[in-house]
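# Report on the structure
Each chain, letter by letter, is given below.
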Amino acid sequence: MKLVIVSGRSGSGKSVALRVLEDLGYYCVDNLPLPLIGSLLEQLKDSNELVAISVDVRNIEEQGKVLKEQIALLSDDTSITSFFLNANDKVLLKRFSETRRLHPLSKNQISLQEAIKLEGRLLEPIAKMVDHYIDTSQTNIYDLSDHVRQILLGSVDKELVVHFESFGFKHGMPAEADFMFDVRFLPNPHWELELRPYTGLDAPVQEFLERQPLVNKFIWQIENLFDTWMPHLERNNRSYLTIAIGCTGGQHRSVYIADQLAKRFNNSKHKVSARHRELGIE
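Reading the values: rules and limits
Residues numbered from 1 in each chain as written. Predicted model: local features only at pLDDT ≥ 70, side-chain atom pairs only at ≥ 80, totals over all residues. Heavy atoms only, no water. Pairing = 2+ DSSP bridges. Helix = DSSP H or I, 4+ residues; strand = E, 2+ residues; numbered from the N terminus. Axes fitted to C-alpha atoms, helices over the stretch in contact; angles between N-to-C directions. Contact = heavy atoms within 4.5 Å. Phe/Tyr/Trp six-rings, centres within 6.5 Å; stacked < 30°, edge-to-face > 60°. Buried < 20%, exposed > 50% of the residue type's maximum accessible area, 1.4 Å probe, protein only. Lys NZ or Arg CZ within 6 Å of the ring centre and 35° of its normal.

## Observations regarding the sheet that holds strand β7 (residues 179-182)
Pairing within the open sheet is parallel, and its 4 strands lie in the order β7-β8-β6-β9. Looking at which strands have only one partner, the edges of the open sheet turn out to be β7 and β9 (271-276). Across the sheet, the mean angle separating the axes of adjacent strands is 15 degrees when strand polarity is ignored. The pairing of β7 with strand β8 (residues 240-247) spans 4 bridges and is classified as parallel. Considered in β8, the bridge of D182 is made with G246. Docked against the sheet, helix α10 (residues 253-265) engages β6 (161-168), β8 and β9, running at close to 170 degrees with respect to β6.

## Observations concerning the packing of aromatic side chains
What the rule picks out here adds up to 7 aromatic pairs. A centroid spacing of 5.7 Å and a plane angle of 35 degrees characterise the contact between F164 and F265, whose relative ring orientation is tilted. On the criterion of sequence distance, the pair formed by F164 in strand β6 and F265 in helix α10 is long-range, its members being 101 residues apart. For the pair formed by F164 and F265, the shared burial category is buried. Here F167 and F169 contribute two aromatic rings whose centre-to-centre distance is 4.8 Å and whose plane-to-plane angle is 65 degrees, an arrangement assigned as edge-to-face. Taken individually, F167 and F169 each receive the classification buried, so the pair is uniform in this respect. These aromatic residues form a ring-pair network of at least three members: F179, F181, F185, F218 and F226. Here the guanidinium or amino end of R184 rests over the ring plane of F169, the centre of that ring lying 3.8 Å away.

## Details of the sheet that holds strand β1 (residues 2-8)
Here we have 5 strands laid out as an open sheet, ordered β2-β3-β1-β4-β5, and parallel in their pairing. Two strands lie at the open edges of the sheet, namely β2 (27-29) and β5 (132-135), each paired on one side alone. Strand-to-strand twist of the sheet, defined as the mean angle between neighbouring strand axes without regard to direction, takes the value 20 degrees. In terms of strand pairing, strand β4 (residues 79-86) meets β5 through 4 bridges, oriented parallel. Its bridge partner being in β5, N86 is matched across the sheet by D135. Contacts from helix α2 (residues 37-44) reach β1, β2 and β3 (50-55), with the element oriented near 160 degrees to β3.

This is the structure in structure tokens:
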């Protein structure tokens, strides 16, 4: 089992780090009481081998001591990586002021500035025992995401999940689509009586559409569009992408084009899937 422990001062980026871990397949638990680490791993050992927990000032007093004790109790087959995220007081004060969030220690009836300084002192024992100390004072969320991914994977590259979906406009547009393309202007196999019973997954329809220059040009342009801009979408911290292709009934043109695009991108580093909504096929 792989366990990642994320700690740090409030406002330093712990939530961003946890989102990255969640995208990487980790089972994430925010603000877990430290004595429960062993119980959590025992519960998850058969269902999830990637676990991440966040530890902050709300967990327990004497955190450094308790964390060392809990780690010592873990089995030898548990691989542990730990992060501590920090930023200077001025930056943290600015972040809290801009977001108007309540600091976890503000309930102690102290000022925000005092709460930030107190938290730094309380978390100092943990900051001294982690594997990776990250100062986010001059770091945006994208740089931090890449940094965490680099440490865990040895690379900033992400396995972007690309999902192609065909649909028919007469049945409604898919609400989850990030990009949507209307192919109703392309030659329609529906008007060829011998092709009408088939779908875009059947050879007769595919052969008909393969002979259409407009169809081939459209597929090439969509492929070129995403080949060009996919790296930029990835760098924008995106984990998945849904590309919807729609024709009138969702039987022929959209099915064929979504299927062809999925096949072309299937050879890339991305995880690609295709769904044909009106056919009920995934």
